[in-house]
Amino acid sequence: MKCEILPERCIACGLCQALAPQVFDYTDEGIVTFIDEPHALQEFIPEKEQSEVVQSAKRCPAHAILLHNPL
Ligand code: SF4
C-alpha cells in the first residue's frame, strides 16, 4: 500500500501521529511528514503498519492522507 500526504491540506491536529507513530511525524509547525523521509510526499507502507495508516487516513479531518491500493 502506498500512502500520499498533502501537507497543504493538513491543519496540524496531531491525530495521525497519535494513531501511527511509526509512520507520521510533524514539522516544527505541526504539519504532517513521514517520520523516516521528512521530505517525501509518498511512501510505501509495510503490512504491519497498514491498519494504523488506514485509520489515520479515514479519520484525518482535513483529508490530507490518501491511500493507493488500500487493503
Ligand atoms: S490527521 Fe490530517 S490534519 Fe491532522 S495532523 Fe495528520 S495529516 Fe494533518
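Look above for the structure.
All figures in this text were calculated on a predicted structure; none of them were measured in a lab.

Reading the values: the criteria
- Residues numbered from 1 in each chain as written.
- Predicted model: local features only at pLDDT ≥ 70, side-chain atom pairs only at ≥ 80, totals over all residues.
- Heavy atoms only, no water.
- Disulfide = S-S within 2.5 Å.
- Buried < 20%, exposed > 50% of the residue type's maximum accessible area, 1.4 Å probe, protein only.
- Salt bridge = Lys/Arg side-chain N within 4 Å of Asp/Glu carboxyl O.
- Helix = DSSP H or I, 4+ residues; strand = E, 2+ residues; numbered from the N terminus.
- Expected span 1.5 Å × (residues − 1).
- Contact = heavy atoms within 4.5 Å.
- 1 Å grid on protein atoms, 1.4 Å probe; cavity = no way out; pocket = protein on both sides within 12 Å on 5 of 7 lines; lining within 4 Å.
- Points joined across faces, edges and corners; volume = space filled by probe spheres on them.
- Nonpolar A, V, L, I, M, F, W, Y, C, P; charged D, E, K, R; others polar.
- Phe/Tyr/Trp six-rings, centres within 6.5 Å; stacked < 30°, edge-to-face > 60°.
- Pairing = 2+ DSSP bridges.

Draft legend 1. Quick peek at the state of the cysteines. Per the counting criterion, the structure on display carries zero disulfides. Left unpaired, Cys3 is separated from the closest cysteine sulfur, that of Cys16, by 8.8 Å. Given a relative accessible area of 0%, Cys3 falls into the buried group.

Draft legend 2. Molecular detail of the pattern of salt bridges. Applying the stated criterion across every chain yields a total of one salt bridge. Lys48 is the partner of Glu49 in a salt bridge, and the nearest nitrogen-oxygen pair spans 3.1 Å. Using a relative accessible area of 66% as the deciding quantity, one classes Lys48 as exposed.

Draft legend 3. The arrangement of helix H2 (residues 47-59) in detail. For H2, built from 13 residues, the straight-helix expectation of 18 Å at 1.5 Å per residue is met to within 8% by its first-to-last C-alpha distance of 19 Å. Those residues of H2 hidden inside the fold are in contact with strand E1 (2-5), helix H1 (15-19), strand E2 (24-26) and strand E5 (65-68).

Draft legend 4. Fine view of empty space enclosed by the protein. Tallied over the full model, the rule gives one cavity of 30 Å³ or more. Roughly 100 Å³ of internal volume is contained in the largest cavity. Every residue lining the largest cavity is counted, 14 residues in all, and those nearest its centre are Cys10, Cys13, Cys16, Cys60 and Ile65. Of the residues contributing to the lining of the largest cavity, the split by class is 12 nonpolar, two polar and no charged.

Draft legend 5. Seen up close, the packing of aromatic side chains. Applying the stated criterion across every chain yields a total of one aromatic pair. With a centroid separation of 6.0 Å and an interplanar angle of 25 degrees, the aromatic rings of Phe24 and Phe34 are classed as stacked. With Phe24 in strand E2 and Phe34 in strand E3 (residues 32-34), the pair connects residues that are 10 residues apart, well separated along the chain. Neither residue differs from the other here; Phe24 and Phe34 are each classed as buried.

Draft legend 6. Main features of the side chain of Ser56. Within the element layout of this structure, Ser56 appears in helix H2. Classification of Ser56 by relative accessible area gives buried; the value is 1%. Every residue in contact with Ser56, bar those within four places of it in the chain, is listed here: Cys16, Leu19, Ala20, Phe24 and Ile65.

Draft legend 7. Fine view of the pairing of E1. Looking at chain direction, E1 and strand E4 (residues 42-44) are connected through three bridges and run antiparallel. Bridging across to E4, Glu4 finds its partner in Gln42. Where E1 meets E5, four bridges bridge the pair, whose relative direction is antiparallel. Along E5, the bridge assignment pairs Glu4 with Leu66.

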